[in-house]
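# Summary of the model geometry
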Amino acid sequence: ILHHILLMFVGLTTLHLHAQEYEPSEEDSTSLTPIVKKGFHAGIYVGAYWANKSTAYLYDGYGFDQNGQRNSFTNSVLYNQIVNVYGSGNGGTDYIAQLLNVNPGDWYFNEQDMPINLRYTTTYLIGLNTRYRINKKESITLNAYGTKLAVNGKFTISSVTSTNFGSGSSSQARINEFTIIGAEQRLMFRLGYQRILGDNEKLNFMVEGGLNIILAKAQKNQAILTSNNPSLSQNSITIDLMNIYNQPPYNFYTSKYMTGVGIGFFGGFGLNLNINPRYSIQLLYSPSFDRISLGYEPKFKLQHGVGLRVYYNFNK
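Residues numbered from 1 in each chain as written. Predicted model: local features only at pLDDT ≥ 70, side-chain atom pairs only at ≥ 80, totals over all residues. Heavy atoms only, no water.

### Side note on empty space enclosed by the protein
A complete count under the given rule lists three cavities of 30 Å³ or more for this structure. The calculated volume of the largest cavity comes to roughly 70 Å³. In terms of lining, the largest cavity is formed by Leu58, Tyr59, Gly61, Tyr62, Gly63, Val77, Asn221, Leu241, Met242, Tyr245 and Met258. The residue inventory of the lining of the largest cavity, partitioned by class, reads eight nonpolar, three polar and no charged. (1 Å grid on protein atoms, 1.4 Å probe; cavity = no way out; pocket = protein on both sides within 12 Å on 5 of 7 lines; lining within 4 Å. Points joined across faces, edges and corners; volume = space filled by probe spheres on them. Nonpolar A, V, L, I, M, F, W, Y, C, P; charged D, E, K, R; others polar.)

Now the structure itself:
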């Protein structure tokens, strides 16, 4: 009996030790968590873009002279169109007087009437984003973005309305406000480095930065004059301020000042959310310090962007 009890005790002890040997430890269990491997990710970006106003002057109606310098007021494109083409400066029909409903000669356009403080309006920024993930935290990125910018400003034309009553007359001055607009395209290519901060499997901060190449093109510049008088057969005039650059000798400046390739540097920081092994989302603020090669003497200026990026993992 004692012999059988000893054999049973030895057997139970052996089973117990065997079970301890193969019991998964806490370290082993964590190793079962999927490890993010190297791989190619691609996705889209949608956001808002705020362009620096430094190149908005390109649409203020002054234009360039034959030497590529900014025109004086009397040589400006806007002055020539309003006074000489649509006014009676060249002896033709005074369409401006008709629009303002005043007599020819009862209106004037001076230098203080020119547009000032033109700015780009807030616009969209969309793009295709790719990254090659070196490891769990580091990636090399290559992104392409596109946007269309709008410029809005105001200019004025002053007029005098005469009123006759009894044996006398009086005149009343009026400032008429009109709109000047511009349109511009930008295409950006960004090569950079991205790093995830923190060890959380789901939500972490992220930073990025790198080189920015910007292709810019001025597309449209118009002055729009609209009358509040509904009795007029034509109560608006649209003046194309870029048409002059299609004519010699100014057509040279279309390629020199209206299109260009610039360079800059971008950064970014925000949140990275891993939804699942296939998809991740990034919400980020992306400033850039760029030289937009439009106009004369372009300089480095700060632009801003805020947006949402979605990545798809092709290697999972």
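### Focus: the packing of aromatic side chains
Per the stated rule, a full pass over the model turns up 14 aromatic pairs. Ring centres 5.5 Å apart and planes at 75° place the aromatic pair Phe269 and Tyr285 in the edge-to-face group. Here Phe269, found in strand S9 (residues 259–274), pairs with Tyr285, found in strand S10 (residues 279–285); they are 16 residues apart in sequence, far enough to count as distant. The class of Phe269 is partly exposed, set by a relative accessible area of 49%. When its relative accessible area of 26% is taken as the criterion, Tyr285 is described as partly exposed. Feature note: the residues Phe73, Tyr79, Phe109, Phe155 and Phe178 constitute an aromatic cluster, connected by ring pairs. The ring of Tyr311 carries Arg131 above its face, with NZ or CZ at 4.0 Å from the centroid. (Phe/Tyr/Trp six-rings, centres within 6.5 Å; stacked < 30°, edge-to-face > 60°. Helix = DSSP H or I, 4+ residues; strand = E, 2+ residues; numbered from the N terminus. Buried < 20%, exposed > 50% of the residue type's maximum accessible area, 1.4 Å probe, protein only. Lys NZ or Arg CZ within 6 Å of the ring centre and 35° of its normal.)

### With respect to the layout of surface pockets
Here the second largest pocket is characterised by a volume of approximately 190 Å³. Among the secondary structure elements, those contributing two or more residues to the lining of the second largest pocket are helix H4 (95–100) and strand S6 (168–197). The biggest single contributor to the lining of the second largest pocket is S6, with four residues. Its residues assigned to classes, the lining of the second largest pocket comprises three nonpolar, six polar and two charged.

### Structural notes on the confidence of the model for the chain
Of all residues in the chain, 83% attain a pLDDT of 70 or more, and the chain-wide mean is 85. Confidence scores differ between elements of the chain, with helix H2 (residues 26–30) showing the lowest mean pLDDT of 41 and strand S11 (residues 288–291) the highest of 98. pLDDT under 50 marks residues 1–10. Its contacts with residues more than four places away, or in other chains, come to zero contacts. Residue range residues 12–35 is modelled with pLDDT below 50. Its contacts to residues more than four positions away, or to other chains, number one contact. (pLDDT = per-residue confidence, 0-100. Contact = heavy atoms within 4.5 Å.)

### Some words on unusual backbone geometry
A positive phi angle is found at Asn101, which is not glycine, with a value near 60°. With respect to the helices and strands, Asn101 occurs in the loop between H4 and strand S2 (107–108). Positive phi is not limited to glycine here, since Glu297 has a value of about 50°. Relative to the elements of secondary structure, Glu297 occurs in the loop between S11 and strand S12 (300–313). We classify Glu297 as exposed; its relative accessible area is 63%.

### Some words on the nonpolar core
Where a protein is soluble and globular, its nonpolar side chains tend to be buried together. Counting residues in hydrophobic clusters, the biggest one holds 52 residues, and the most contacted among them are Ile82, Trp107, Phe109, Phe155, Ile157 and Leu225. Broken down by secondary-structure element, the contributors of at least two residues to this core are strand S1 (39–50), helix H3 (77–85), H4, strand S5 (138–165), S6, strand S7 (203–226), strand S8 (236–240) and helix H5 (252–257). At six residues, the largest contribution of residues to this core is made by S7. Setting aside chain neighbours within four positions, we find Leu225 in contact with Ile96, Leu99, Phe155, Ile157, Phe178, Asn235, Ser236, Ile237 and Ile239. (Core = buried A, V, L, I, M, F, W, Y, C linked by side-chain atoms within 4.5 Å.)

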